[in-house]
Amino acid sequence: MALPTHLKTASHVALVGVPVGVVVGLAIAAYDYIVTTLLWVPFTGTLSTTVLCLLPCIGMLLTGLIMETFRVKTSSMADEVVRAYHHPPSGLRPQESIPKLAASIATMGFGCSAGMEGASKWLGASLAARIQSIFNGFGWLKWAHGSIETTMLVGASAGISAIFRAPLTGTIMGLESPYKKDLAYDALLHGLVASSVSYATFVTLRNGTPYFPIHFSYSIQLRDLLFCIPLGVVAGVGSNFFLTVLSFIKSVQEKYAYSKYLKYLLGGILLSGLALLMNHLVGEPITLQAGLPTANKLLAGRFDSQTSLLIFVAKLLATAITFGMGGVGGLFVPSATMGAGLGAFCDLYFQPSQPGVFTLVGIAAFTGASYNSLLFSAIFIAEATGNPALVVPGILASCTAYLVSTGISNSPSQKTHRSGEPRGF
């Protein structure tokens, strides 16, 4: 009996997992090309800094126009995948796919503080759900039949893997996202295959450079590990503060019955004003877009301790304003930039064995707390730098931050534990 079971599983991986990886990798490559190559890179190469700082006004207004014209019910992307997984009848609303994707392009392509991973997760999940639904409609293709919700998580993992250029991180993030203290492990095998294929497809077409290319090989040092605990505490508190500010902004704008377009315009004005202020104080508009270049500059030690903390606060406000006022996108890279600001501050004061180590650990701790993750955030800094030993300080800090964060998450649809039997395929 074991052989047919394994053959069926292998067939499902080949018939579903591999195609999902290819399709999602192609889609994320196209999405990245539009946001980065067609919009943001030309903007930064041709516009003055002052004009660049004004782009979020356009981005938020375009986002609002798209969302209201097509009556898109929610700006959530990553959390919508989690909700659809737990409540299958709700689904991912195929009729909203193109408008919501366009709104995310407007948010990020015009410099609002959002990352591409939210849309990548959502797009991957939407495509995977559609592929599984098509296969389920063919009665003769029984070995390709399966749970749409589980395949949806496989697609979400593949989307994250492609945009992060990190297949293991994407797999674990997809499996961790539905729960605070559990894993959707029924999607593990398919997720690993689809994520690997998606990553390979993406880097064939787009830039395969790691998020955080560093020029040292890290080896574990006891002193570094000891300082990971207080860093984790600070990151956990900082994550709680960020999510509290985000919740406050959402509640305030929902309380007052002003025009929805006015909400987007106000959000854009605040983002542009903050970018102009930071350009005056720091010399560059570090609150624009997701923040990956800023995180790499923090990693390289380009800012002093006071500026590092200022970047943390400014990025926190910019991200809270973007999503509190209706922006569409992902929270991970902006959260990673906040964590890098806190970590860079600790780098300068605690002096780790290698400059930049605590900046990376800060990224793992802050994102781990924000996403209620014990695994993917630590794995991410190892994959994104090519230094596997960073998993150890990353896990210590992210576990500490997880405990300090007391279960507050940026994904309201997360459940604490799974209930019932695994869905499987």
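Predicted model only: the values in this text are computed from it and were never measured.

Undergrad: For the overall build of the protein, give the residues involved together with the corresponding values.
TA: The helix and strand inventory of the protein stands at 16 helices and 0 strands. A compact globule built from 425 residues would reach a C-alpha radius of gyration of about 22 Å, and the protein, at 21 Å, matches this within 12%. If one aligns the C-alpha atoms of the protein with their principal axes, the spans along those axes are about 65 × 55 × 40 Å. Pairs at least 24 apart in sequence give 80% of the contacts found in the protein among residues at least 6 apart. When the accessible surface of the protein is summed, it comes to about 16,900 Å², and 68% of that surface belongs to carbon and sulfur atoms. Between the centroid of the 24 positive side chains of the protein and the centroid of its 17 negative side chains there is a distance of 7 Å.

Undergrad: Outline the side chain of Thr-107, supporting the account with residue identities and numerical values.
TA: With respect to the secondary-structure elements, Thr-107 resides in helix α4 (residues 97–109). A polar side-chain atom of Thr-107 sits 2.8 Å from a polar atom in the side chain of Thr-63.

Undergrad: If you had to explain the nonpolar core to someone new, which residues and values would you point to?
TA: Counting 123 residues, the largest nonpolar core has Phe-164, Phe-212, Phe-242, Phe-332 and Phe-380 as the members making the most contacts within it. Top element by residues in this core is helix α1 (residues 2–46). It accounts for 11 residues. In this structure Phe-164 touches Glu-117, Thr-169, Met-173, Tyr-211, Phe-332, Val-333 and Phe-380, once residues within four positions along its chain are discounted.

Undergrad: Help me get a handle on helix α14 (residues 357–371), residues and values and all.
TA: With 15 residues, α14 should cover 21 Å at 1.5 Å per step; its first-to-last C-alpha distance of 21 Å lies within 8% of that length. α14 sits mainly inside the fold: 15 of its 15 residues count as buried. Phi turns positive, to about 55°, at Asn-372, one or two residues after α14.

Undergrad: Tell me about the state of the cysteines, and name the residues and values.
TA: Under the counting rule described, the total for this entry stands at 0 disulfides. With no disulfide partner, Cys-228 has as its closest neighbouring cysteine sulfur the one in Cys-346, 9.8 Å distant. This cysteine, Cys-399, is not joined by any disulfide, and Cys-228 carries the nearest cysteine sulfur, 11 Å off. On the accessibility criterion, Cys-399 (27% relative accessible area) is partly exposed.

Undergrad: Any chance you could break down a nonpolar patch on the surface for me, citing the residues and the numbers?
TA: A cluster of nonpolar side chains, contributed by Ile-220, Ile-229, Val-233, Val-237, Val-392 and Leu-396, occupies part of the molecular surface with about 430 Å² of accessible area. Put simply, the parts of the chain that give the nonpolar patch at least two residues each are α9 (222–255) and α16 (391–404). Here Val-233 is to be found in helix α9. Owing to a relative accessible area of 37%, Val-233 belongs among the partly exposed residues under this scheme.

Undergrad: Quick rundown of the pattern of salt bridges? Include the residues and the values.
TA: Tallied over the full model, the rule gives 4 salt bridges. The partner of Arg-83 in a salt bridge is Glu-80, and the shortest N-O contact between them spans 3.2 Å. Placement of both Arg-83 and Glu-80 in helix α3 (residues 78–86) is noted, with a separation of 3 residues, approximately one turn of the helix. Considered together, Arg-83 and Glu-80 belong to a single accessibility category, that of buried residues.

Undergrad: Could you give an account of the packing of aromatic side chains, with specific residues and numbers?
TA: Per the stated rule, a full pass over the model turns up 19 aromatic pairs. On the basis of an interplanar angle of 80° and a centroid distance of 6.1 Å, the ring pair of Phe-312 and Phe-366 is categorised as edge-to-face. With Phe-312 in helix α12 (residues 305–324) and Phe-366 in helix α14, this pair connects stretches of sequence that are 54 residues apart. Neither Phe-312 nor Phe-366 differs from the other in exposure class; each is buried. Here the aromatic residues Phe-164, Tyr-211, Phe-212, Phe-332, Tyr-371, Phe-376 and Phe-380 are joined through ring pairs into a cluster of three or more. Just above the ring of Tyr-264 sits the side chain of Lys-263; from NZ or CZ to the centre is 4.7 Å.

Undergrad: Account for the packing of helix α2 (residues 49–69) against α4, naming residues and giving values.
TA: At a minimum axis separation of 8 Å, α2 and α4 run at an interaxial angle of 170°. The pairing of α2 with α4 is recorded here as roughly antiparallel in orientation. Contacts between α2 and α4 involve Gly-59, Leu-62, Thr-63, Ile-66 and Met-67 from the former and Pro-99, Ala-102, Ala-103, Ala-106 and Thr-107 from the latter. Taken together, the residues of the contact of α2 with α4 sort by class into 7 nonpolar, 3 polar and no charged.

Cut-off values and rules
- Residues numbered from 1 in each chain as written.
- Predicted model: local features only at pLDDT ≥ 70, side-chain atom pairs only at ≥ 80, totals over all residues.
- Heavy atoms only, no water.
- Helix = DSSP H or I, 4+ residues; strand = E, 2+ residues; numbered from the N terminus.
- Rg over C-alpha atoms; globule rule 2.2 N^0.38 Å.
- Contact = heavy atoms within 4.5 Å.
- Areas by Shrake-Rupley, 256 points an atom, 1.4 Å probe, with all protein chains shown as cover.
- Lys, Arg positive; Asp, Glu negative; His and termini not counted.
- Charge placed at Lys NZ, Arg CZ, Asp CG, Glu CD.
- Polar contact = N/O pair within 3.5 Å; in protein donor to acceptor, adjacent residues only side chain to side chain.
- Core = buried A, V, L, I, M, F, W, Y, C linked by side-chain atoms within 4.5 Å.
- Buried < 20%, exposed > 50% of the residue type's maximum accessible area, 1.4 Å probe, protein only.
- Expected span 1.5 Å × (residues − 1).
- Disulfide = S-S within 2.5 Å.
- Patch = residues over 30% accessible without salt bridge, like charges linked within 9 Å, V, L, I, M, F, W, Y side chains within 5 Å.
- Salt bridge = Lys/Arg side-chain N within 4 Å of Asp/Glu carboxyl O.
- Phe/Tyr/Trp six-rings, centres within 6.5 Å; stacked < 30°, edge-to-face > 60°.
- Lys NZ or Arg CZ within 6 Å of the ring centre and 35° of its normal.
- Axes fitted to C-alpha atoms, helices over the stretch in contact; angles between N-to-C directions.
- Parallel < 35°, antiparallel > 145°, perpendicular 65-115°, else oblique.
- Nonpolar A, V, L, I, M, F, W, Y, C, P; charged D, E, K, R; others polar.

Don't take any of this as a statement about function, it's just geometry.
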